[in-house]
Amino acid sequence: MRLAQALRAAAIAAATVAFAAIAASGASAEPDGSRFAVSGSGGLTQTLQMGVGRSKIVDLPQDASEIYVGDPKIANAIVRSARRIYVSAVANGQTTIFALGADGRKIAVIDVSVGRDVGALSGLLSAAIPGNDIHVRTVADSIILTGSVASAGEAQKAVDIANGFVGETTGSFSFGSSGISATNGQSGKVINSLIIRGLDQVSLRVTIAEIRREIIKQLGVSMTGNGPNGNFKIDNPFAINGAVSATEVTLNWFRGAGELSATLQAFERQGVSHTLAEPTVTAVSGESAKFMAGGTIPIANSETCGNSGAFGCTIGFIQQPYGVTLNFTPVVLSQGRIQLRIAAEVTDVDYASQVTTNGISIPGFRTRNNVTTVELPSGGSIATAGLIGTQTQQAVNGLPALMNLPVLGALFRSHDYQRNETELLIVVTPYIVHAVDPKQIVRPDQNFEEASDPQAWFLGRVNRIYSASGSLQPMPGYAGKIGFITQ
């Protein structure tokens, strides 16, 4: 008997302690009554977003005598006192809880949205993306990311983390005539409503520098002769370049009824070509930009003739573009890091390789292009493409046996030599840029003035000269770079 009384007293004491703990936790909890907002109709409203299985304590602004839950299958409200209710999330969905006073007057309206528990997701986003301003909201099984981030890379990272959070598989079982079947699938989706704070702008400077050296040498002798018993001809063509120059020296000898003629062709050319292109383009992070500087040249493309050529032929032409083309798409990954997708191309007209057909010359084109994706810091440079090439060709044509004779063999052969050297470098430098004052921008035509008539007539100048290249004191009264051409 005494043992039973002791156990009963211990149980009562434990229940008292538990009730006191609950009361203390409820008293220390932050009152949610201050979170009510005044609606357009004058009532107090509050919105709760909860995960399934979660509970919240809501403090009402006034004493309530009746609590009404729109759909108890989604959320349940337990009344603990006249001004405090416990709201528990049961299933995914939305419902409304009304608190009514003793006179039937509406005291408060609580809109409850039950979805995924995103408390852990908010912690993951805060740890993975420090300093972010991301707010996670749920609608049924879907997650909505709102707020702002610093860059597109951070926005993509937040979406990837949320997708991994949503990617949990859900299973269900069904009973049928064939037995028990199970289905698995992914529930929910991620809606990205993040705003990128202050979209970065990237200015890309591409330097395309090329040096080409070309050497051509030709030396050959052709002979023709005739006599009373016949004639002969020794022609030694140039196998690589053809006859580059029409300059030749011809010597004729006559003896009696015979004739001998020898033609000497000699040519040498050395050339250097320098190409420098530095296009600069600016674009917003994530957007594409294109730059084109050049033109077009007509080249023959087709030929249309009448029946049996009676009405002549018509040549069709197309416009072939040439010049410098730059396409790029920058993406600012983080502060100072830039990912670039670049396509650079330089096309020149090459008249040395032109072809002449029916009196129409069709020039050749030299093209250098580079397509790549790189990652650089702001202000850093990288050589995305480079080429060092050397090409040498030699050919000797002549009359067999006689061309190998010492000294005299030079009369029976021709020598053709060509050497091409190319050195190409493409350098890319991105910058994160911001708008500047227009006064800080210097135009290339600033302070340009055409020469006066006396300067043009007597001095042969096309623009006014404000200072010589060796003078350090420009003419006063002008700002910025002085003169368009400095001599």
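It should be emphasised that the depicted structure is a prediction, and the values quoted were computed from it without experimental measurement. (Residues numbered from 1 in each chain as written. Predicted model: local features only at pLDDT ≥ 70, side-chain atom pairs only at ≥ 80, totals over all residues. Heavy atoms only, no water.)

A word on the overall build of the chain
Next, step 1: Scanning the chain for helices and strands turns up 4 helices and 25 strands.
Next, step 2: In the chain, which comprises 487 residues, the proportion classed as buried is 29%.
Next, step 3: Long-range pairs, those at least 24 residues apart, make up 62% of the contacts in the chain between residues at least 6 apart in sequence.
Next, step 4: Total accessible area on the chain is roughly 30,000 Å²; 54% of this is exposed by carbon and sulfur atoms. (Helix = DSSP H or I, 4+ residues; strand = E, 2+ residues; numbered from the N terminus. Buried < 20%, exposed > 50% of the residue type's maximum accessible area, 1.4 Å probe, protein only. Contact = heavy atoms within 4.5 Å. Areas by Shrake-Rupley, 256 points an atom, 1.4 Å probe, with all protein chains shown as cover.)

With respect to the confidence of the model for the chain
Next, step 1: Here the chain averages 76 in pLDDT, while 79% of its residues score no lower than 70.
Next, step 2: Across the chain, strand β6 (residues 84-89) holds the top mean pLDDT of 89, while strand β11 (residues 169-176) sits lowest at 38.
Next, step 3: Below a pLDDT of 50 lies the segment residues 10-34, which in the model reaches 12 contacts outside its immediate sequence neighbourhood of four places, other chains included.
Next, step 4: Segment residues 482-487: pLDDT under 50, and 14 contacts once partners within four positions in sequence are set aside and those in other chains are kept. (pLDDT = per-residue confidence, 0-100.)

Observations concerning the pairing of strand β19 (residues 280-284)
Next, step 1: Where burial is concerned, the two faces of β19 differ: the one with Val 281 and Ala 283 is buried and the one with Thr 280, Thr 282 and Val 284 is not.
Next, step 2: Strand direction decides the pairing type here: strand β15 (residues 201-227) and β19, joined by 5 bridges, are antiparallel. Paired with Leu 204 across the bridge in β19 is Val 281. (Pairing = 2+ DSSP bridges.)

Quick notes on the side chain of Ser 261
Next, step 1: Tracing the backbone shows Ser 261 in strand β18 (residues 258-277).
Next, step 2: Residue Ser 261 is classed as buried on the basis of its relative accessible area of 10%.
Next, step 3: In contact with Ser 261, not counting residues within four places along its chain, are Ser 222, Met 223, Thr 224, Thr 250, Leu 251 and Asn 252.

Some remarks on the nonpolar core
Next, step 1: With 23 residues, the main nonpolar core has Leu 204, Val 206, Ile 208, Leu 326, Phe 328, Leu 340 and Ile 342 as its most contacted residues.
Next, step 2: Among the secondary structure elements, those contributing two or more residues to this core are β15, β19, β21 (313-334), β22 (337-357), β23 (360-377) and β25 (413-433).
Next, step 3: A total of 5 residues in this core trace back to one element, the largest contributor, which is β22. (Core = buried A, V, L, I, M, F, W, Y, C linked by side-chain atoms within 4.5 Å.)

Thoughts on the side chain of Thr 207
Next, step 1: By the element assignment, Thr 207 lies in strand β15.
Next, step 2: In this structure the side chain of Thr 207 is engaged in a polar contact, spanning 3.3 Å, whose partner is the side chain of Glu 278.
Next, step 3: With near-sequence residues (within four places) excluded, Thr 207 lies in contact with Leu 276, Ala 277, Glu 278, Leu 425, Ile 426 and Val 427. (Polar contact = N/O pair within 3.5 Å; in protein donor to acceptor, adjacent residues only side chain to side chain.)

Side note on helix α3 (residues 152-166)
Next, step 1: With 15 residues, α3 ought to run about 21 Å at 1.5 Å a step, and its terminal C-alpha atoms sit 21 Å apart, in line with that.
Next, step 2: Residues of α3 that are buried: Ala 155, Ala 158, Val 159, Ala 162, Phe 165 and Val 166. All buried residues of α3 lie within an arc of 120 degrees about the axis, which places them on one face of the element.
Next, step 3: Tucked into the core, α3 has its buried residues touching α2 (119-128), β9 (133-139), β10 (142-149) and β13 (190-192). (Expected span 1.5 Å × (residues − 1). Arc of directions from axis to C-beta.)

Some thoughts on the sheet that holds β23
Next, step 1: In space, the 4 strands of this open sheet follow the order β20-β21-β22-β23, with antiparallel pairing throughout. Strands at the two margins of the open sheet, each flanked by one partner only, are β20 (289-305) and β23. On average, adjacent strands in this sheet sit at an angle of 20 degrees to one another, irrespective of strand direction.
Next, step 2: Alignment of β22 against β23, held across 17 bridges, turns out to be antiparallel. For Gln 339, the partnering residue across the bridge sits in β23 and is Glu 375. (Axes fitted to C-alpha atoms, helices over the stretch in contact; angles between N-to-C directions.)

Quick notes on the sheet that holds strand β5 (residues 75-81)
Each strand in a sheet pairs with another by means of backbone hydrogen bonds, the pair being arranged parallel or else antiparallel.
Next, step 1: One open sheet holds the 3 strands; their spatial order is β3-β6-β5, and the pairing between them is antiparallel. At either margin of the open sheet sits one strand with a lone partner, and together these are β3 (55-59) and β5. Strand-to-strand twist of the sheet, defined as the mean angle between neighbouring strand axes without regard to direction, takes the value 25 degrees.
Next, step 2: By the bridge criterion, 6 bridges tie β5 to β6 in an arrangement that is antiparallel. Looking at the pairing, Ala 77 lines up with Val 87 of β6.

Focus: the layout of surface pockets
Next, step 1: When its volume is computed, the largest pocket comes out at roughly 480 Å³.
Next, step 2: Counting residues per element, the ones that place at least two in the lining of the largest pocket are β15, β18, β22, β24 (382-398) and β25.
Next, step 3: Residues that form the lining of the largest pocket fall into these classes: 6 nonpolar, 9 polar and 7 charged. (1 Å grid on protein atoms, 1.4 Å probe; cavity = no way out; pocket = protein on both sides within 12 Å on 5 of 7 lines; lining within 4 Å. Points joined across faces, edges and corners; volume = space filled by probe spheres on them. Nonpolar A, V, L, I, M, F, W, Y, C, P; charged D, E, K, R; others polar.)

Here we look at the environment of Ser 122
Next, step 1: Positionally, Ser 122 belongs in helix α2.
Next, step 2: Each C-alpha atom of the pair Ser 122 and Arg 137 lies 9.8 Å from the other, and the pair is 15 residues apart in sequence.

A few points about a nonpolar patch on the surface
Next, step 1: Taken together, the side chains of Leu 219, Phe 232, Val 249, Leu 251, Trp 253, Leu 260 and Leu 264 make up a nonpolar region of the molecular surface, amounting to roughly 620 Å² of accessible area.
Next, step 2: Elements supplying a minimum of two residues to the nonpolar patch: β17 (249-255) and β18.
Next, step 3: At 3 residues, β17 tops the list of elements feeding residues into the nonpolar patch.
Next, step 4: Checked against the element boundaries, Leu 219 lands in strand β15. (Patch = residues over 30% accessible without salt bridge, like charges linked within 9 Å, V, L, I, M, F, W, Y side chains within 5 Å. Salt bridge = Lys/Arg side-chain N within 4 Å of Asp/Glu carboxyl O.)

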